[in-house]
Amino acid sequence: MHDFESSRIEHGRFKRGFSKLLRNKAACFGGLVILLFLLTAVSAPLIHPKNPNVQDIRHSLERPSWNNLLGTDELGRSILGRIVYGSRISLTIGLGAIALGLIVGVPFGLISGYFGGKIDFIIQRLTDIMLSFPPFLLALGLVSVLGVGLKNTLISVGLSSIPYMIRLVRGVVISIREQVYVEAARAVGTSDGVILYRHILPNVMVPIIVNTTLGMGMAITFAAGLGFLGVGVQPPDPEWGTMLGSGRSLIFAAPHVATFPGLAIFMAVLGFNLLGDGLRDALDPRMKA
Amino acid sequence: MFQYTIKRLLSTIPVLLGISVMLFFMLRALPGDPAQVIAGDMATQKEVELIRHQLGLDRPTHIQYGHFLWRLMRLDLGNSIKTQNPVITEILPRLKNTAILAVTATLLACLLGIPAGIVAAVRPYTIWDILVTSLALFGISMPAFWLGLMLIVMFSVKLPWLPVGGSGGIQFLVLPAVTLASLLVAAFARNTRSSMMETLTQDYITTARSKGLKEEAVIIRHALKNALIPVVTVIGLQFGGLLGGAVLTETVFSWPGIGRLLVESILARDYPVIQGSILVFALLFILVNLIVDLLYGLIDPRVRYA
């Protein structure tokens, strides 16, 4: 009965939040931008059938025209085509890194916040150590050890998000572990695992959803930053930051080579930030800064 | 306050030890033999053995860590593989340049972000508020390294007013400082706005208004002083982002700071310099957060008695 009641309340909260979200124009715009990027990533071969890595030196550094809407790079490759395929890489890294942060961060945050005591102390001291490195520098340090490439970029960005996820989840768990319904579940002999899964986790979902959305923007920026520095995804793979990095040396001769990949990063991050802000306002206005 | 300061200082000791452990294992986590990685593929077995001995990799792990910690306390971070100079002499001159850039960017961000947040808060839901909050959102979403390149296109290529990069006079500092400040302006504006809006609803503000004080006096003398307290924390919270941004900004503008040194070392696989640079960044981050925490305790008694 209690489970049914709590899930009904949660369902109602999400339903109200969703209708509030739909009334928020900025959040809808953000959602639309993300949807467009997702569709672009999924249907990349349909939008741009040509291999984005195929070089055509005769058409190098062409400015934007009807033939090449966003122009070409130093090797004559279509910048539009590379941005389209780049959306696959950026979204993969963003989603993968966030998933890694969730898989590791949520259980540790739940355990740390719920059990407290020694286990909380150990997890929190480890988190403190990771948090003593600025997040981008942590990702940079990890990539310097793991090596460059898509997989290692994803792992580095994902690992650097873990301490933030642990802290977030732990904070919410501490605020709800003494609630009456948790006490009641404990009193009737429900196991800790079941309490964590059935009663605590659903209440942690809102901050997780909001932070995951906002974190996607950050993960994309971090991956692009690593690519820009030459330690992320390696050429010829069309990652947006890597494209921006190669466009840097052409800034005098062909500024469009660096302009458009940067615009793609900006739009994608803006989309996630708008949607994340909207979700926060709709689902949990108390979290608003 | 004394007790609070001691407590806060003591809390950094385990973190510092943790950092030393992480840095110690960083080199040992390299795939394969770290000595071989450092020596390079062309090195002879004798050279590899020499490096292994220099790094102490031929000793038991706990002795290696003790040795590493002892060297760390004496700021002996080893020698650069690339230049053979002590790492500390490579880092110190670069640290000064990064400090100049970071302080200028923070001041610039305060000058722009705090007044913008005040304007948005005292005229909520007007065009000014919408403008500030929209610009803040744009600022947060814009990758600083892209903004830097766009500023170069605008102010160095199209309008040749400022140098593309390098260091020297103040003209070299303008574009990197503006780029780095963009990361902070948005956070300062957002936080000042929300803090100011909350403060303006307090009873003492109503009292000040009912005494017949001018609105400017209410805002500047009564509200701002209290509204700025949480903004101090934002400086500490954003400092990590600022250091990360410094790495990218210094690369865009070839600014000879520690961030650029870190990237150069990663590309050259100069591990002692990587270790040293990351250590300095972590120490800076801890130090600034410590200062911010102590400052916060000083200006807000509720914190130190909590």
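(A) Expanded view of the overall build of chain B. In terms of helices and strands, chain B carries 13 helices and 0 strands. When the helices and strands of chain B are placed in sequence order, the string is α-α-α-α-α-α-α-α-α-α-α-α-α. The principal-axis extent of the C-alpha atoms belonging to chain B is close to 85 × 55 × 30 Å. For chain B, with 306 residues in total, the buried portion stands at 39%. Looking at chain B alone, contacts between residues at least 24 apart form 71% of all its contacts between residues at least 6 apart.

(B) Highlighting the overall build of chain A. Tallying secondary structure elements over chain A gives 11 helices and 0 strands in all. Ordered by position from N to C terminus, the α and β elements of chain A give α-α-α-α-α-α-α-α-α-α-α. Overall, the C-alpha framework of chain A stretches about 75 × 45 × 30 Å when taken along its three principal axes. The buried share of chain A, reckoned over its 289 residues, is 47%. Counting only contacts in chain A whose residues sit at least 6 apart along the sequence, the fraction spanning at least 24 positions is 69%.

(C) Structural detail: the domain arrangement of chain B. Taken domain by domain, chain B holds domain 1 (2-73) and domain 2 (91-267). Centre-to-centre, using C-alpha coordinates, domain 1 of chain B lies 36 Å away from domain 2 of chain B.

(D) Region of the structure containing unusual backbone geometry. A cis amide bond links Pro235 of chain A with the next residue in sequence, Pro236 of chain A, at an omega value of 10°. Structurally, Pro236 of chain A is set in the loop between α9 (192-229) and α10 (240-248). Although it is not a glycine, Gln84 of chain B sits at a positive phi angle of roughly 70°. Note on placement: Gln84 of chain B falls in the loop between α4 (61-73) and α5 (87-122). The residue Tyr125 of chain B is not glycine, and still its phi comes out positive at about 60°. Among the secondary structure elements, Tyr125 of chain B is positioned in the loop between α5 and α6 (127-141). On the basis of neighbour counts, which here come to 9 C-beta atoms within 10 Å, the residue Tyr125 of chain B falls in the exposed class.

(E) Layout of the packing of α5 of chain B against helix α11 (residues 258-268) of chain B. All names here are of chain B. Taken N-terminus to C-terminus, the directions of α5 and α11 make an angle of 135°; their axes are 7 Å apart at the nearest point. Judged on the interaxial angle alone, α11 and α5 are oblique. Residues Glu90, Ile91, Arg94, Leu95 and Thr98 of α5 form the contact with α11, whose own contacting residues are Ile258, Gly259 and Leu261.

(F) Molecular detail of the interface of chain A and chain B. Tallying the contact residues gives 34 residues for chain A and 38 residues for chain B. Going through the elements one at a time, α5 (117-131), α6 (135-146), α9, α10 and α11 (256-283) of chain A are the ones with two or more residues in the side of chain A that touches chain B. Across the side of chain A that touches chain B, the residue classes tally to 22 nonpolar, 9 polar and 3 charged.

(G) Up close: the confidence of the model for chain A. Per-residue pLDDT for chain A has a mean of 90; in total, 94% of the residues score no lower than 70. Across chain A, helix α2 (residues 25-42) of chain A holds the top mean pLDDT of 96, while helix α1 (residues 2-23) of chain A sits lowest at 70.

(H) Inspection of the packing of helix α4 (residues 79-115) of chain A against helix α7 (residues 150-176) of chain A at higher detail. Residue and element names in this part refer to chain A. Contact pair α4 / α7: the axes reach a minimum separation of 6 Å and the direction vectors enclose 35°. Crossing of α4 over α7 shows right-handed handedness. A class-by-class count of the residues in the contact of α4 with α7 yields 23 nonpolar, 9 polar and 1 charged.

(I) Just α4 of chain A, in detail. Helix length check: α4 of chain A, at 37 residues, gives a terminal C-alpha distance of 52 Å against a target of 54 Å (1.5 Å per residue), a fit within 8%. At Gly105 of chain A, α4 of chain A shows its strongest bend, of approximately 30°, with the proline Pro107 of chain A following within four residues.

(J) Seen up close, the environment of Thr221 of chain A. With respect to the helices and strands, Thr221 of chain A occurs in helix α9. Look at Thr221 of chain A and you get buried, because 30 C-beta atoms sit within 10 Å. Sequence-wise, Thr221 of chain A and Ala187 of chain A are 34 residues apart; in three dimensions their C-alpha atoms are separated by 47 Å. Apart from residues lying up to four places away in sequence, Thr221 of chain A is in contact with Ile265 and Val269 of chain A together with Pro143 of chain B.

(K) A look at helix α9 (residues 203-210) of chain B. Little of α9 of chain B is tucked away: 0 of the 8 residues are buried. Trailing α9 of chain B by a residue or two, Gly212 of chain B shows a phi angle of about 90°, which is positive.

(L) View of the confidence of the model for chain B. With 97% of its residues at a pLDDT of at least 70, chain B reaches an overall mean of 86. The ipTM for the predicted assembly is 0.87, set against a pTM of 0.88.

Rules used in this analysis
Residues numbered from 1 in each chain as written. Chains lettered and ligands numbered in written order. Predicted model: local features only at pLDDT ≥ 70, side-chain atom pairs only at ≥ 80, totals over all residues. Helix = DSSP H or I, 4+ residues; strand = E, 2+ residues; numbered from the N terminus. Buried ≥ 20, exposed ≤ 12 C-beta atoms within 10 Å, placed from the backbone. Contact = placed C-beta atoms within 7 Å. Domains from an automatic or database assignment. Axes fitted to C-alpha atoms, helices over the stretch in contact; angles between N-to-C directions. Parallel < 35°, antiparallel > 145°, perpendicular 65-115°, else oblique. Nonpolar A, V, L, I, M, F, W, Y, C, P; charged D, E, K, R; others polar. pLDDT = per-residue confidence, 0-100. Left-handed = near helix turned anticlockwise from the far one by under 90°. Expected span 1.5 Å × (residues − 1). Bend = angle between axes of the 7 residues up to and from the residue.

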